[in-house]
Amino acid sequence: MSLLEGSVEVGDMVLLEPLNEKSLLKNLEKRFQNKEIYTYIGNVVISVNPYQQLPIFGPEFIEKYKEYNFYELKPHIYALANQAYQSLKDHDRDQCVIISGESGSGKTEASKLVMSYVAAVCEKGEQVNSVKEQLLQSNPVLEAFGNAKTIRNNNSSRFGKYMDIEFDFKGSPLGGVITNYLLEKSRVVKHIKGERNFHIFYQLLAGADAQLLKALRLEQDGSSYSYLNFEVSRVDGMDDAANFRAVQNAMNIIGFSTEEIQKILEVIAIVLKLGNVELGDEFQANGVAGSTIHDGKVIKEISDLMGLQAEMLERALCSRTMETNKEKVVTNLNKIQACYARDALAKNIYSRLFNWIVNRINENIKVNDSTKKKVMGVLDIYGFEILENNSFEQFVINYCNEKLQQVFIEMTLKEEQEEYKKEGIPWDNIEYFDNRIICNLIEHNQQGILAMLDEECLRPGMVSDSTFLAKLNQMFSKHNYYESRVTQNAQHQHDPSLGLSCFRILHYAGKVTYNVNGFMDKNNDLLFRDLSQALWSSKHSLLRALFPEGDPKHASLKRPPTAGTQFKNSIATLMKNLYSKNPNYIRCIKPNEHQQQSVFSSELVGNQARYLGLLENVRVRRAGYAYRQVYKSFLERYRMLSQATWPQWRGQDREGIEKILGELSLGSGEFAFGRTKIFIRSPKTLFYLEEKRRIRIHQLAILIQKMYRGWRCRTNYQLMRKSQILISAWFRGNTQKKLYGRIKASTLLIQAFVRGWKTRKEYRKYFRSGAALQLANFIYRRMAQKFLLDLSKNLPSKVINYKWPPPPYKTFTLVNQELKIIFHHWKCKKYRDQLSPQKKEALKEKLCASELFKDKKASYPQSVPMPFRGDYVMLREKPKLQQTAANGPVLMAETVNKVNRANGKMVPRILLLTKSHMILADTKGSKVKTVIGLENVSGVSVSSFKNGLFGLHLTEISSVGTKGDFLLVSEHVIELLTKLYQATLDKMKKQLPITVTEEFTMKFKEGKMSVRVIQSQNSNEGNQVSCKKKGSDKLEVFAQ
């Protein structure tokens, strides 16, 4: 086992040799120095605070400890949490985890680890996860409002918290209930040097944004508030701003509304600003001392936050109404009394707010179902405190720790011995210190310190802290655990450390000296009725809820119970709750006073070990048995380990257990039989039984699985067999039907051939040999005749109608195709014969354009329906142009744009095309600029886009060609180039080369120039062309 193997020193101090205080401390120290902070004493976990983060926590370790028993792995708090949870889940035993130790020993962190482990191992589900998240998120909220930095601990719990987590029968958390005990509200108004107020004040100032601070009338500088100790406003390793955001997020998850959070922060701001209310002396006309408020601005801001008139709040702070059954008397408070009233108001507001937050959390996490639940309690309460000046708060805190020590004594040491005697098991009595006498000294109903404090508070006449101390000295003058200066003088002793206003109690954790100054005021914890009524009358909904006694309709003259009585009653309820559950102990130890890593003070740890009774606990565990269980439960759990008791044992429970242990061959010294229980001495023996049980359960599970799989396979086989028989029957029937159908069809075919053969053989006797051929020819002729007659009725009526009736027989397919071609040619000739010569000439031009540009030029489809006009400049109205073209008929007259070869700019020109020449003339004066003979044209280059750009290439030997080619843009480029092609063909008897391309070369006088046509992305430009020259030999043309 890992508990014994690979562990530093001894993991379970029950196995410690030799057993004494020195070896116990040495064992703890060596384990602490090797980062082994957890050690067992049986099933009690000893936790030494490392004051650092260790890599032994998180999901990986949770899964690890979830799968093993308590003693299988190294000591860990997860092992105890797992044992408690599994005992609750499997054995239906309510559990409580009692975490005890001095302040700063790591109790709060231990409670978080226990809760996080339980939340991680229980079942998953949306509702379960929501409950777990709410339970876990309650921690940061309560820590913010209830924890503070002390001299010993940076995150000290200044209240007691007991959480009952309720589970269903499956072990899934359903909710919980939180109970808080005695918040140290005096810290709100006063704390010693080196300590801080509650975390929430610093978190609010550090984490709130400017808008929120303005709404709360606060400043970010903590030194502005007298209730805060600005010297220690920051704590190492603690980010107040980030913690404030975490608290807000946690409150949202728990279920606080945005309005409720805002109201809570307003109350916190009110408490902070109450500390800045400055009070001064004021004497009335009759000479009686009174009080007044110096700074009216602060009281006005507080009143605005409360929703209360400033005059009413000032009156409640500076005066007091004494009410009897007969009359009311208003008295003015002096400065000291007014300061007391101010501080009492701040403390009461904060204390009641904290209680309201706890109750509000309980509303969200409580279980409304009344059915019985499984419960696990986690107790995280303030540790034992011994300060330089111990007051009422330390007195009740140490009283609580005495009660917890009493629980530990009774439930771990005393009950251990008594149970052995009850069961008749041999036992050697071990002497131990029973602290019941100290508890009685404090809590006795008539003669206890708390009872005397209440009596002195209620007694009429002149009472004070001094009269209370005198009464204690008189009552406990001979008590062994009580000391004072008076009792020491009576015994002729002198201790200068014990002051005149002090008394001392010998607690289990050591001697503690208490100063009685302030005991009566803190026990009374009075809040003047004027303040309660003032806050109840405010418009702040949360403040009204915190002070219900201020309602005049429910006013009561009855004195409320004192703080000491309330705390005593709540502790009694807590003890009753703890006694009803199975305890699991975590004893926390702080290794040094300075919260330093890897520093182990043997003297300090030795004192804590003695106070906690660790050595006595080890001796009890070593002398006794580590595990005990009633016979029935033990037999029920381990009966599968013997063939005689499994599956059913009908004899006595003890006899069945004897059968089991006899077959396992365990030593007789490892177990003992009591009257109702069996006792097992060593944890190793218990683990051996659990391991045997685990193996046996695994074997039984395999057996069950085997039987189930066999039954399932047999059932499945029977079902498959029935299905197979049915499918086979249908398949065979269908196969036979198909076979019968094929045989029948073959038979009919053979019969038909035989009958035909017989018939043909019979008919040959009556017909000559050529009758069949003549008959076939006749039938073919009739078929051809019918085909031609039907075709004549369905011939297409138009030339462009390409529909043709299909042949009725495949024989006529080729004939039908030839007839279709002949008919189409005939129809076309007949259509041409009807046309005029001009119409024929126009169609020839269109045919030529189709051959040149179809599927090549993007503008061709638009030119097809448009007739070729030839004259686009109104030539008949321009006689000068007619004279220019007098040497022949004009085939084409159009205005074109000539691209300037020097700069790419375009100038308009009139282009005249005759049968032998191409003429370019000025558009204004019709002056001839250039005459080009068709024999000098060597080719044309045109782009495939919609634009009308084309390049006219000339031969170099011509007079015109010496100047270079022409780059023109025409609106009717299809018609122009078609007519130029035909004119050149008619004159030169050769075809003019027309090239469709986006890049071509033009020859000019200066040299060659490359022309590149680029399609423009702007569709709004239409057919416009723009040219841009790139250097001396490149021209880019942008067009559609």
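Within any chain, residue numbers begin from 1 and follow the written order of that chain's sequence. A pLDDT threshold of at least 70 governs which residues receive local features in this predicted model, and a stricter bar of 80 or more applies before side-chain atom pairs are shown or counted, although totals over entire chains, interfaces and linings include all residues. With hydrogens and water excluded, all non-hydrogen atoms of the structure serve as input to the side-chain values.

### Section: the pattern of salt bridges
Note on definitions: salt bridges are taken to be side-chain nitrogens of Lys or Arg within 4 Å of carboxyl oxygens of Asp or Glu. Using the criterion set out here, one finds 33 salt bridges in the structure. The partner of Lys 581 in a salt bridge is Asp 164, and the shortest N-O contact between them spans 4.0 Å. You can see Lys 581 sitting in the loop between helix 21 (563-579) and strand 16 (582-589) and its partner Asp 164 sitting in strand 6 (residues 160-167), a full 417 residues away along the chain. For Lys 581, a relative accessible area of 9% corresponds to the buried category. The shortest N-O distance in the salt bridge between Glu 999 and Arg 1012 comes to 3.7 Å. With a gap of 13 residues between them, Glu 999 in strand 28 (residues 999-1003) and Arg 1012 in strand 29 (residues 1008-1015) connect regions that are remote in the sequence. Linked through salt bridges whose partners overlap, the residues forming this network are Arg 158, Glu 184, Arg 187 and Glu 195. Here a strand is any run of E in DSSP of at least two residues, a helix any run of H or I of at least four, and the numbering for each starts at the N terminus. Only protein chains enter the accessibility calculation, which uses a 1.4 Å probe; a residue is then buried when its area is under 20% of its type maximum, exposed when over 50%, and partly exposed in between.

### A closer look at the packing of aromatic side chains
Aromatic pairs are defined between Phe, Tyr and Trp rings, using the six-membered ring for Trp, whenever the two ring centres lie within 6.5 Å; interplanar angles under 30 degrees are classed as stacked, those over 60 as edge-to-face, and all others as tilted. Under the counting rule described, the total for this entry stands at 30 aromatic pairs. When the ring of Phe 159 is compared with that of Phe 354, the centres are 4.9 Å apart and the planes differ by 70 degrees; the resulting orientation is edge-to-face. Within this pair, whereas Phe 159 is found in the loop between strand 5 (156-157) and strand 6, its partner Phe 354 is found in helix 12 (residues 335-365), the two being separated by 195 residues in sequence. Of the residues examined, Phe 354 reaches a relative accessible area of 1% and is grouped as buried. A network of ring pairs unites the aromatic residues Phe 392, Phe 395, Phe 468, Phe 476, Tyr 482, Phe 503, Tyr 514 and Phe 519 as a single cluster. Two conditions define a charge sitting above a ring: the NZ of Lys or the CZ of Arg must be within 6 Å of the ring centre, and it must be within 35 degrees of the ring normal. Stacked on the ring of Tyr 202, the Lys or Arg Arg 196 has its end atom at 4.1 Å from the ring centre. The ring of Trp 536 carries the charged tip of Arg 544 above its face, separated from the ring centre by 4.3 Å.

### Examining the pairing of strand 26 (residues 966-969)
On strand 26, burial covers both faces: Phe 966 and Leu 968 on one face and Leu 967 and Val 969 on the other are all buried. Pairing between strands is defined by DSSP: at least two bridges between them are needed. Here strand 20 (residues 890-899) runs beside strand 26; their pairing, made up of two bridges, is antiparallel. Among the inter-strand pairings, Lys 898 is bridged to a residue of strand 26, identified as Leu 968.

### With respect to the pairing of strand 14 (residues 502-507)
Taken across its six residues, strand 14 has six buried, putting it largely inside the fold. Burial of strand 14 is two-sided: the residues Cys 502, Arg 504 and Leu 506 facing one way and the residues Phe 503, Ile 505 and His 507 facing the other way are all buried. The pairing of strand 14 with strand 15 (residues 510-515) spans six bridges and is classified as antiparallel. Along strand 15, the bridge assignment pairs Ile 505 with Val 512. Turn length for the strand 14-strand 15 hairpin, with the two strands adjacent in sequence and antiparallel, is two residues.

### A word on unusual backbone geometry
Following Trp 646, the chain continues into Pro 647 via a peptide bond in cis, with omega recorded as 5 degrees. One can find Pro 647 in the loop between helix 24 (631-638) and helix 25 (653-664). Its identity as a non-glycine residue notwithstanding, His 492 has a phi of 60 degrees, on the positive side. Considering the arrangement of structural elements, one finds His 492 in the loop between helix 17 (485-490) and strand 14. Residues other than glycine seldom take positive phi values, yet Lys 989 does so here, at roughly 60 degrees. Topologically, Lys 989 is positioned in the loop between helix 32 (973-988) and strand 27 (994-996). On the accessibility criterion, Lys 989 (68% relative accessible area) is exposed.

### Notes on empty space enclosed by the protein
Rolled over the atoms, a probe as big as a water molecule pinpoints where empty space is left. Definitions used throughout: a 1 Å grid over protein atoms alone; a cavity as a set of points that fits a 1.4 Å probe which cannot get out; a pocket as an open set with protein on both sides within 12 Å along at least five of seven lines; a lining residue as one with an atom within 4 Å of a point. Grid points are joined across faces, edges and corners, and a volume is the space filled by probe spheres set on the points. This model, assessed by the stated rule, comprises seven cavities of 30 Å³ or more. For the largest cavity, the calculated volume is near 70 Å³. In terms of lining residues, the largest cavity is bounded by Met 115, Val 118, Ala 119, Lys 132, Leu 135, Leu 136, Ile 165, Phe 167 and Pro 173. Those elements that provide at least two residues to the lining of the largest cavity are helix 4 (107-121), helix 5 (126-146) and strand 6. By the convention adopted, Pro, Cys, Tyr, Trp, Phe, Met, Ile, Leu, Val and Ala count as nonpolar, Lys, Arg, Asp and Glu as charged, and the other residues, Gly among them, as polar. For the lining of the largest cavity, a count of residues per class yields eight nonpolar, no polar and one charged.

### Quick word on the sheet that holds strand 1 (residues 38-41)
Taken in spatial order, the seven strands make up an open sheet running 1-2-16-3-12-6-7, and their pairing is mixed. Both edges of this open sheet fall to strand 1 and strand 7 (173-181), since each of them pairs with a single strand only. Shown here is a sheet whose adjacent strand axes are inclined to one another by a mean of 20 degrees, direction ignored. For strand 6 and strand 7, the ladder comprises eight bridges, and the chain directions are antiparallel. Note that in strand 7 the partner of Glu 166 across the bridge is Gly 175. We call two residues contacting when some pair of their heavy atoms lies within 4.5 Å. Where helices are involved, their axes are fitted lines through C-alpha atoms of the stretch in contact, as for all axes, and angles between N-to-C directions lie from 0 to 180°. Sitting on the sheet, helix 22 (residues 602-612) is in contact with strand 3 (95-100) and strand 16, with an inclination near 160 degrees to strand 16.

### Notes on the environment of Phe 812
For Phe 812, the location among the structural elements is in the loop between helix 27 (771-793) and helix 28 (813-833). As a C-alpha pair, Phe 812 and Phe 787 span 25 residues in sequence and 8.4 Å in three-dimensional space. Leaving out residues up to four positions away in the same chain, Phe 812 has contacts with Tyr 780, Met 783, Ala 784, Phe 787 and Pro 807.

### With respect to the nonpolar core
In plain words, nonpolar cores are sets of buried Ala, Val, Leu, Ile, Met, Phe, Trp, Tyr and Cys residues tied together by side-chain atoms within 4.5 Å. With 180 residues, the main nonpolar core has Leu 24, Phe 145, Phe 201, Ile 349, Tyr 350, Phe 395 and Phe 503 as its most contacted residues. Top contributing element to this core by residue count: helix 12, with 14 residues. Look past the residues within four positions of Phe 201 in its chain and what remains in contact with it is Leu 228, Ile 268, Val 271, Leu 272 and Tyr 350. Core analysis: the next-biggest nonpolar cluster, separate from the first, contains 32 residues, Phe 853, Val 896, Phe 966 and Leu 968 among them.

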